[in-house]
Amino acid sequence: MTGPRYPALIADLPSSVPFVGPETQERERGAPFLARLGANESVFGPSPKAVAAMQRAAGEIWKYGDSTSFDLRHALAASLGVGTQNVLVGEGIDGLLGYLVRLLIAPGDAVVTSDGAYPTFNYHVAGFGGVLHKLPYRDDHEDPAALFAKAAEVDAKLVYLANPDNPMGSWHDGAALVAALDDLPEGTLLLLDEAYIEFAPEGTSPVLDIEDPRVIRMRTFSKAHGMAGARVGYAIGAADLIRSFDKIRNHFGMNRTAQIGALAALEDEVWLETVKADVARAKDRIALIARDNGLTTLPSATNFVAVDCGADGAFARKLLEALGREGVFVRMPFVAPQDRCIRISAGTPEDLDVLADALPRALAAARG
């Protein structure tokens, strides 16, 4: 007997995932984390109105979800001031990244990204046989000018840029990105990941004609709306490109209850403003805790803070592991020199009390 006959592309891929989840880490350490501050989730939770809407919908989970996400798409289009033909709803940004790469990238096609940027995007590119060209950050920011120049050099079909950035929390002014688009080569699409846009300063998102064929944006209900487990993301772009996703997407991939919850969350602007205020206070507290321990923090337009550990990646990894032993789940950038930092998500006051208590011991262990 023989097993399945994998294509050469799949057979040659490593058996790996972009992230090891906190649940896996908890099983390995034999205990739950005391403070879950590593996945940039919103510990403040979703809107109570979204929770109530999902509870009411639970009894009808026997139904498939609307394959067009009609109600949510229309509400998103209205809130964004665009047409429904310009909005696509999908299974989180991660799912939409996979669809976009499948839509555009054939084996051997060039793709440009920053070295150390969101690894799930790289995972999808590798899975469809694309060739990644990665460039370093500049001053802890992704470098649009360098990315676009590399795209011209290698005839890239796709450039990935997160604004605000994960893992550093840095951001570019939207007007500067609009100006930089003059150097985006013909036939290259800019994938603009705006997962953290609700936390960013006014003017961070570039103002462009929605039918501009050079750009597609992706946003999510996982961060500010506190619905990471529901897996609801959306893409915004030119109608022709959005319509093309219908050729390859999973038309019944969206959970019905999640669609209903996301619609209620979108409508609760008061809760969103409350969460943004909670996140701002938490980031200030993280900066204070870091400063009390002789560490510095980077400016952040997200719901997390990059804490500069003042040494190299080896030391930051020791600190990360020591915090884990103390019951504090955090993460860190993967690539030098950004890996001198650890990344701490906004937490409740109780979460940050745990961090404040644990960090001195973890630092002592890492230095010892």
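In every chain, residue numbers begin from 1 and rise along the written sequence. Residue-level local features of this predicted model are given only where pLDDT is at least 70; pairs of side-chain atoms are given and counted only at 80 or more, and the full residue set underlies all totals for whole chains, interfaces and linings. To obtain the side-chain values, all non-hydrogen atoms of the structure were used and water was disregarded.

A.B. asks: Hey, could you run me through the packing of helix α3 (residues 48-57) against helix α10 (residues 256-267) in this one?
C.D. replies: Two measures define how a pair of helices packs: the angle their axes make with one another and the distance between the axes. Where α3 meets α10, the closest approach of the two axes is 8 Å, and the angle between their N-to-C directions is 150 degrees. The orientation of α3 relative to α10 falls into the category roughly antiparallel. Viewed along their axes, α3 and α10 form a crossing whose handedness is right-handed. Only Arg256, Thr257, Ile260, Gly261, Ala264 and Ala265 of α10 make contact with α3, whose side of the interface consists of Lys49, Ala50, Ala53, Met54 and Ala57. Simply put, an axis is a line fit to the C-alpha atoms, just over the touching stretch for a helix, and the angle between two N-to-C directions goes from 0 to 180 degrees. For helices the rule is a DSSP run of H or I covering at least 4 residues; for strands it is a run of E covering at least 2, with both sets numbered from the N terminus onward. The scheme is simple: roughly parallel for angles under 35 degrees, roughly antiparallel for over 145, roughly perpendicular for 65 to 115, oblique for anything else. With the far helix as reference, a near helix turned anticlockwise by less than a right angle produces a left-handed crossing, and one turned clockwise produces a right-handed crossing. Here, residues are in contact when the closest pair of their heavy atoms is within 4.5 Å.

A.B. asks: Help me understand the pairing of strand β3 (residues 110-114) in this model?
C.D. replies: Sheet faces and side chains relate simply in a regular strand, where the side chains alternate between the two faces. Buried residues are those whose accessible area, probed at 1.4 Å on protein chains only, stays under 20% of the maximum for their type, while exposed residues exceed 50% and partly exposed ones sit between those limits. Most of β3 sits inside the fold, with five of its five residues counted as buried. Between β3 and its parallel partner strand β4 (residues 131-135), the chain crosses via helix α6 (residues 119-127), and the hand of that crossover is right-handed. Paired strands, in this sense, are two strands between which DSSP finds at least two bridges. For β3 and strand β5 (residues 158-162), the ladder comprises two bridges, and the chain directions are parallel. By the bridge assignment for β5, Val111 is matched with Leu158. Here the term right-handed applies to a crossover when the path leading from its first strand over the helix to its second strand runs clockwise, the strands being oriented away from the viewer.

A.B. asks: Would you mind going over the side chain of Thr188 with me for this structure?
C.D. replies: Mapped onto the elements of the fold, Thr188 is located in the loop between α8 (174-180) and β6 (189-193). Exposure remark for Thr188: the relative accessible area of 5% places this residue in the buried category. Polar contact is defined as a pair of N or O atoms within 3.5 Å, subject to the rule that within protein one atom must be able to donate a hydrogen and the other to accept it, and that residues adjacent in sequence are counted only when both atoms are side-chain atoms. In this structure the side chain of Thr188 is engaged in a polar contact, spanning 2.6 Å, whose partner is the backbone oxygen of Ala156. Those residues in contact with Thr188, other than ones at most four positions away along the chain, are Ala151, Ala156, Lys157, Leu158, Val159 and Arg214.

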